[in-house]
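Fold and geometry: a report
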Amino acid sequence: MKYRLVDSEEILVVGLSAEANFQNISQVTPLLARQFMPRLNEIKSRKNVFILSLQNYNYFDFKTFNPKEAFEKWIGVEVINLDDVPEKMDTMSITSGRYLVINFKGSIPEFIKFWQNIHSSWLSNSKFELDDRPHFERLPPSYNPMRPINEEEIWIPIK
């Protein structure tokens, strides 16, 4: 599997969040996106053009995976600072650390299988260990969930 390692500084996020689990994430994510995307231009301090689809788990270990366990689901953007946060939007600060970054191109069902393979077998057979920080996907401006094929970056926190 092709990947790169990124030593990330603190990441500041502005967006919308909701409680989700793996049984309802396919409903929660589009709902958040439909609420967030029309308000994207309200965020003045964007750091780049990417949208973040972020999962903030209490603790994540695929070996003890429970599809009903709740976590925070976010749709947001990375910002330079938190000085001018639009009304009724949430903020998050992700501590600095190392990420395993994997480029993915395919359909949403292919993404799900790919993601499951990374966490169920690839990671456990690699030299990497998960870190307890948010996981996210960076979606380029061309990303559209209605298209059959998309490209995105999968960011997995490691130590």
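Going by the structure above, here's the rest.
Model, not experiment: these values are computed from the prediction. Here the residue numbering is sequential within each chain, running from 1 through the sequence in written order. Local features in this predicted model are restricted to residues whose pLDDT is 70 or higher, and side-chain atom pairs enter the listing and the counts only when it is 80 or higher, whereas totals over whole chains, interfaces and linings include all residues. Side-chain descriptors were evaluated using all non-hydrogen atoms of the structure, hydrogens and water having been removed beforehand.

Take helix 2 (residues 108–122) next. Over its 15 residues, helix 2 runs 20 Å from end to end, which matches the ideal 21 Å to within 8%, given 1.5 Å per residue. Classification of residues uses two cut-offs on accessible area relative to the type maximum, computed with a 1.4 Å probe and protein chains only: under 20% is buried, over 50% is exposed, and between them is partly exposed. Each helix corresponds to a stretch of at least 4 residues labelled H or I by DSSP, and each strand to a stretch of at least 2 residues labelled E; elements are numbered beginning at the N terminus. Within the sequence span of helix 2, burial applies to F111, W115, I118, H119 and W122. Take helix 2 and look down its axis: the buried residues cluster within an arc of 130°, on one side only. Across from the buried face of helix 2, at angles greater than 90 degrees, the exposed residues are P109 and K113. To estimate how far a helix should reach, multiply one less than its number of residues by 1.5 Å. Starting at the helix axis, one direction is taken to each C-beta atom, and the arc is that of these directions.

Let us look at the pattern of salt bridges. The rule for a salt bridge is simple: a side-chain nitrogen of Lys or Arg has to be within 4 Å of a carboxyl oxygen of Asp or Glu. With the rule as written, the count across this model stands at eight salt bridges. Taking the shortest distance from any N to any O, the salt bridge between D7 and R98 comes out at 2.8 Å. With a gap of 91 residues between them, D7 in strand 1 (residues 4–8) and R98 in strand 6 (residues 97–106) connect regions that are remote in the sequence. Look at R98 and you get partly exposed, because its relative accessible area is 35%. The shortest N-O distance in the salt bridge between R133 and D131 comes to 3.0 Å. The class of R133 is buried, set by a relative accessible area of 7%. Using a relative accessible area of 25% as the deciding quantity, one classes D131 as partly exposed. Ionic contacts of the salt-bridge type, sharing partners, join the residues R4, R138 and E153 into one network.

Its boundaries defined by the atoms lining it, the largest pocket holds a volume of some 1000 Å³. The definitions used throughout rest on a 1 Å grid laid over the protein atoms alone, on which a cavity is an enclosed set of points accommodating a 1.4 Å probe that cannot get out and a pocket is an open set flanked by protein within 12 Å on both sides along at least five of seven lines; lining residues are those having an atom within 4 Å of a point. Lining of the largest pocket is provided by 38 residues; of these, T29, S53, K73, I108 and Y143 occupy positions nearest its centre. For the lining of the largest pocket, the elements supplying multiple residues, two or more each, are helix 1 (25–36), strand 3 (51–56), strand 4 (71–79), strand 6, helix 2, strand 7 (135–139) and strand 8 (150–158). Here the lining of the largest pocket takes six residues from helix 1, the largest share from any one element. Grid points are joined across faces, edges and corners, and a volume is the space filled by probe spheres set on the points.

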